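Below are the chains, spelled out letter by letter.
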Amino acid sequence: MTFHRPLPSSVVLRDLSRGFKGKTVLDRISLEIPHGRFVALLGESGSGKTTLLRALAGLDEDAETHGHFSVPDNVSVLFQDSRLLPWMSVIDNITLGLRRPDAQAAALDMLAAVGLADKAEAWPATLSGGQKQRASLARSLLREPALLLADEPFGALDALTRMRMHALLFQLVERQKPTVILVTHDVDEALLLSDRILVLKDGRIAEDHAIGLPHPRRAHQPEFATLRQTLLRSLGVEVDNV
Amino acid sequence: MTDILSARYIHAAAQAERREPFVVPAPTRATRLTPARLPAGLRLLGPIVVIAIWEAASRLGLISPSTLTAPSTALVTGYQMLADGSLLPHLLASAFRAYTGLFLGVVVGVALALASGLTRSGEALIDGLIQIKRAIPTLALIPLVIIWLGIGEAMKIFLIFTAVLVPVYINTHAALRGIDIGHIELARTLGLTRSEFIRKVALPGALPGFFVSLRLAVALCWTALVVLELINTQTGIGYLMNRARDWGQTDIIVVGILIYAALGLVSDAVVRLIEARVLSYRRSLGS
């Protein structure tokens, strides 16, 4: 496995395969993502989408990996569980490992941006699920990543909180313009947020859709509804007029 | 937002109740799967019952004072010994032994747990030794330690130290090893250095396990002392009790037992107090 300097594209994968104990999970995936694009990875459970994301994040070192990939130097991961350390206040959590002189001031600004200005000194255990995930988002974006890897970050939230988080993520990503790879089960989430949707099946990219719809997107737009049906069908859900 | 919703729901429920006071049906008898939480202080019921029966049996002459003194007599004896100054030197001598051993055991136990929990060579060298030590009862070491260190204070403190060392090591080491894999991944993706990881993730994560071990240790240091103070000494609570046995003074024996019980409870309460302070971030979890 070698790392190239990222040149024209932010993320480049060349024939990337990855397996665990002889079982292939990713099967020769090649992919290029230009800077500043928002890509959603859809797929059924076990399709390899989380494995792909974790490979790009530099995790699972014990996996058998072949092929090449390159990612920017500054990568940040947004996990499904917020992974806030319970023994640190919210602000200490989001500045953990941050090496810049104005960390405190920048952290307070970022907390204000995600609507947690008054929770800077709170213990994580006192936050609701949505607040924890907002703190986690603040921790990721405070690092001004060139690449944001999000692994079903809203999967554990209730439907209303999830809608608010979509709006918040979109707004913050518009401001910083990182490349984003979002792993999700949620077709609507993918359609609302991304410029491009990849459908993974058995460790390969089965479909690649460019999404040209203007923002803000609405689920009742005809093109949205058509894409939604197509994507649901390719995920194995047979629907008519859903 | 969920808070707003639930607040609104409660508000609506409260209104409904105001209009129709009997609208809420009486709860049907649900099967309780776990016992209800005990009100504070009710835990003392058992000890109080036992002491009351004991006292009554003594007064009625069912228990001879030469077999077991009445609790009230023991309290009076204890108070007299405290007043005439004959108790305090023994108490201090015992406390010195117990807490010196405790201190050394905790410091060395934690140091070994860190070395073994955070480095591979440390684990290879230390863990096996402690596991072997764990299998050997402390009291079985007494003859050997007497040959090494004599029958004085050093022997007693050393044996308390080794007794305390084991649970401190085992629990702290297990806590360090059992660190949440999610936190390790987080530390990697945040680019923490090894020293940052140890200071900010591994050690705070192991603190709850350390406090469990500390509570075991404060009880254990007094337990070991009882036996050790039977060996060549003129001071200590254990010595007082042993001498009282020779002279048939069951009241002094009971005083000794009460002192051990009180010290055990107080030590545990102090550790729990410190634990609650240090781990205050957990209070909001409802514990």
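Preceding this section is the structure that the text describes.
Residues numbered from 1 in each chain as written. Chains lettered and ligands numbered in written order. Predicted model: local features only at pLDDT ≥ 70, side-chain atom pairs only at ≥ 80, totals over all residues.

Q: Break down the overall build of chain B for me, with residues and values.
A: Each helix and strand in chain B was counted, giving 11 helices and zero strands. The linear arrangement of helices and strands in chain B, starting from the amino end, is α-α-α-α-α-α-α-α-α-α-α. The burial tally for chain B puts 26% of its 287 residues in the buried class. A separation threshold of at least 6 residues defines the contact pool for chain B, and within that pool the share at least 24 residues apart is 73%. (Helix = DSSP H or I, 4+ residues; strand = E, 2+ residues; numbered from the N terminus. Buried ≥ 20, exposed ≤ 12 C-beta atoms within 10 Å, placed from the backbone. Contact = placed C-beta atoms within 7 Å.)

Q: So what about the interface of chain B and chain A? Which residues, and what values?
A: Taken together, the 19 residues of chain B in the interface contact 18 residues of chain A. Residue assignment for the side of chain B that touches chain A shows that the elements contributing at least two residues are α8 (181–189) and α9 (194–228) of chain B. Here the residues of the side of chain B that touches chain A are counted per class, giving eight nonpolar, six polar and five charged. (Nonpolar A, V, L, I, M, F, W, Y, C, P; charged D, E, K, R; others polar.)

Q: Break down the environment of A:Gln133 for me, with residues and values.
A: Residue and element names in this part refer to chain A. Inspection of the secondary structure puts Gln133 in helix α4 (residues 129–142). The class for Gln133 is buried, based on 28 C-beta atoms found within 10 Å. Among all residues touching Gln133, those that are not within four sequence positions of it are Ser82, Pro153, Phe154, Leu157 and Met165.

Q: Run through the sheet that holds strand β6 (residues 147–151) of chain A, naming residues and quoting values.
A: Residues and elements named next belong to chain A. Reading across the sheet, the six strands line up as β5-β6-β7-β3-β8-β9 and stay open at both edges, with mixed pairing between neighbours. Looking at which strands have only one partner, the edges of the open sheet turn out to be β5 (75–78) and β9 (204–210). Within the sheet, the average angular offset between the axes of one strand and its neighbour, ignoring direction, is 20°. Sheet analysis places strand β8 (residues 196–201) next to β9, joined by six bridges and oriented antiparallel. Bridging across to β9, Arg196 finds its partner in Ala210. (Pairing = 2+ DSSP bridges. Axes fitted to C-alpha atoms, helices over the stretch in contact; angles between N-to-C directions.)

Q: Help me get a handle on the packing of helix α3 (residues 71–83) of chain B against helix α11 (residues 250–278) of chain B, residues and values and all.
A: Residue and element names in this part refer to chain B. It is the contact of α3 with α11, at a shortest axis distance of 8 Å, that shows an interaxial angle of 80°. Between α3 and α11, the angle falls in the class roughly perpendicular. Each of Thr73, Ala74, Thr77, Gly78 and Met81 in α3 lies in contact with α11, whose residues at this interface are Asp251, Ile252, Val254, Val255 and Leu258. Looking at the contact of α3 with α11, its residues break down into six nonpolar, three polar and one charged. (Parallel < 35°, antiparallel > 145°, perpendicular 65-115°, else oblique.)

Q: Requested: an account of the sheet that holds strand β4 (residues 64–70) of chain A, with residues and values cited.
A: Residue and element names in this part refer to chain A. Judged by pairing direction, the sheet is antiparallel, and its three strands sit side by side in the order β2-β1-β4 without closing on themselves. Every interior strand has two partners, whereas the edge strands, β2 (23–34) and β4, have only one. If you compare each strand with its neighbour and ignore which way they point, the axes differ by 0° on average. One ladder, built from six bridges, connects strand β1 (residues 9–20) with β4; its direction is antiparallel. Residue pairing for β4: Arg14 is matched across the bridge by His68. On top of the sheet, helix α1 (residues 49–56) reaches β1, β2 and β4; it is set at about 65° to β2, its chief contact.

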